[in-house]
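If you want the building blocks of each chain, they are given just below.
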Amino acid sequence: MTSTSSRRVAIITGASRGIGAAIAVALARRGIGSVLAVRDPVQAEPVRREVEALGIPCRVARCDVTSADDARAVVGQVLDEHGHLDVLINNAGLIEPIAHIADGDPQAWIRNLETNLVGPYRLLRAALPALAHAAGAVVNLSSGAALAPREGWSAYCSAKAGLAMLTRCVAHEYGAAGVAAYSLQPGVVDTDMQGIIRQSGMNEISRIPRDRLASPGLAAAVVAWLADERPEDLRGQELSVAERALLARAAVAGEA
Ligand SMILES: NC(=O)c1ccc[n+]([C@@H]2O[C@H](COP(=O)([O-])OP(=O)(O)OC[C@H]3O[C@@H](n4cnc5c(N)ncnc54)[C@H](OP(=O)(O)O)[C@@H]3O)[C@@H](O)[C@H]2O)c1
């Protein structure tokens, strides 16, 4: 039985930890409820509790973004439960394989693309009709690697470059229907992903000391601002937390 609620609701992929978890909290601070679309629902329980402690509803749904069935199911569950879907945050991501092109495992290379590029496509394919109906927002988590090659990261760079173009395609095809789509580069953020990068010793990013990394709150606050305010002039763009003007507009410069 379909029920409807007026509160806006977001799907956030990979929200069990790292930037995705911080996005759930940042959206809640703006009154937006979320469904944490994760591979391991048990792992996401602390995030769900943190959001609900703010008085905002939050649910956990099992979703591996490499599965088209999972993507369709999570969108279907949200529509059954709420009657609408307002925000999609494609956050789930994977850095590996870290290796030169001729040395790495080809299956791992394909898996990276399946996660970082095909995954967002699967979620978008399932969600766009509902997002168009709601005049909703999409934020895709990008990376500086979308625009600049990094040694050992050919899969990640290629996937994120594709994702930047996918954002533009969403804006091009669904902008007239009211869908506001953005890519955001979150900076170099202190998460498990950076731990893997440091351990690899490959390229200059791995040598950035941990105490120089940003906390996830800044990027999360900008994502939540984009999803909430849906700024018209930034639609389809590749944005970065390194842009002072963006932080000033989002009024998040002080976020940790
Ligand atoms: N950290 C940075 O400096 C940085 C910089 C630029 C861009 N980014 C981007 O920001 C996003 C979040 O990164 P992060 O640093 O928070 O990474 P993280 O700490 O490694 O977390 C990655 C998240 O993605 C999930 N995930 C991976 N594969 C998945 C799949 N197939 N289906 C569903 N969920 C999956 C993980 O779930 P499990 O717990 O199940 O593994 C985890 O929740 C990524 O898109 C990343 O590329 C991060």
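Note: the structure precedes this text.
Scope of this entry: the structure provided in the associated data block. (Residues numbered from 1 in each chain as written. Predicted model: local features only at pLDDT ≥ 70, side-chain atom pairs only at ≥ 80, totals over all residues.)

Next up on the list: the site of the ligand. What surrounds the ligand is a group of 28 residues, the closest being Gly14, Gly18, Ala92, Gly93 and Thr191. When grouped by side-chain class, the residues that make up the shell around the ligand number ten nonpolar, 13 polar and five charged. (Near = placed C-beta within 6 Å. Nonpolar A, V, L, I, M, F, W, Y, C, P; charged D, E, K, R; others polar.)

Next up on the list: the nonpolar core. In terms of nonpolar packing, the biggest core is built from 85 residues, with Ile11, Ile23, Ala24, Leu36, Val222 and Val223 touching the most fellow members. Considering every element that reaches this core, the biggest residue donor is helix α7 (residues 216-229), with ten residues. Leave out the neighbours within four places in its chain, and valine 223 touches Ile23, Ala26, Ile89, Val139 and Leu184. (Core = buried A, V, L, I, M, F, W, Y, C linked by C-beta atoms within 7 Å. Buried ≥ 20, exposed ≤ 12 C-beta atoms within 10 Å, placed from the backbone. Helix = DSSP H or I, 4+ residues; strand = E, 2+ residues; numbered from the N terminus. Contact = placed C-beta atoms within 7 Å.)

Let us look at the sheet that holds strand β6 (residues 180-185). Taken in spatial order, the seven strands line up as β3-β2-β1-β4-β5-β6-β7 in an open sheet, and their pairing is parallel. At either end of the open sheet lies a strand with only one pairing partner, and these are β3 (58-62) and β7 (238-240). Geometrically, the sheet is characterised by an average inter-axis angle of 20 degrees between neighbouring strands, direction not taken into account. Inspection of the sheet shows strand β5 (residues 137-141) paired to β6 by five bridges, in the parallel sense. The partner of leucine 141 across the bridge, within β6, is leucine 184. Sitting on the sheet, helix α1 (residues 18-29) touches β1 (9-13), β2 (33-38), β3, β4 (87-90) and β5, and the angle it makes with β1 is about 170 degrees. Along the sheet face, helix α4 (residues 106-134) touches β1, β4 and β5 and points at about 175 degrees away from the line of β4. (Pairing = 2+ DSSP bridges. Axes fitted to C-alpha atoms, helices over the stretch in contact; angles between N-to-C directions.)

Let us now look at helix α2 (residues 45-52). Taken as a whole, α2 has its buried residues at Val47, Arg48 and Val51. Down the axis, α2 shows its buried residues gathered within 100 degrees of arc, on one side only. Exposed positions of α2 whose direction lies more than 90 degrees from the buried face are Pro46 and Arg49. Looking at the buried residues of α2, the elements they touch are α1, β2 and β3. (Arc of directions from axis to C-beta.)

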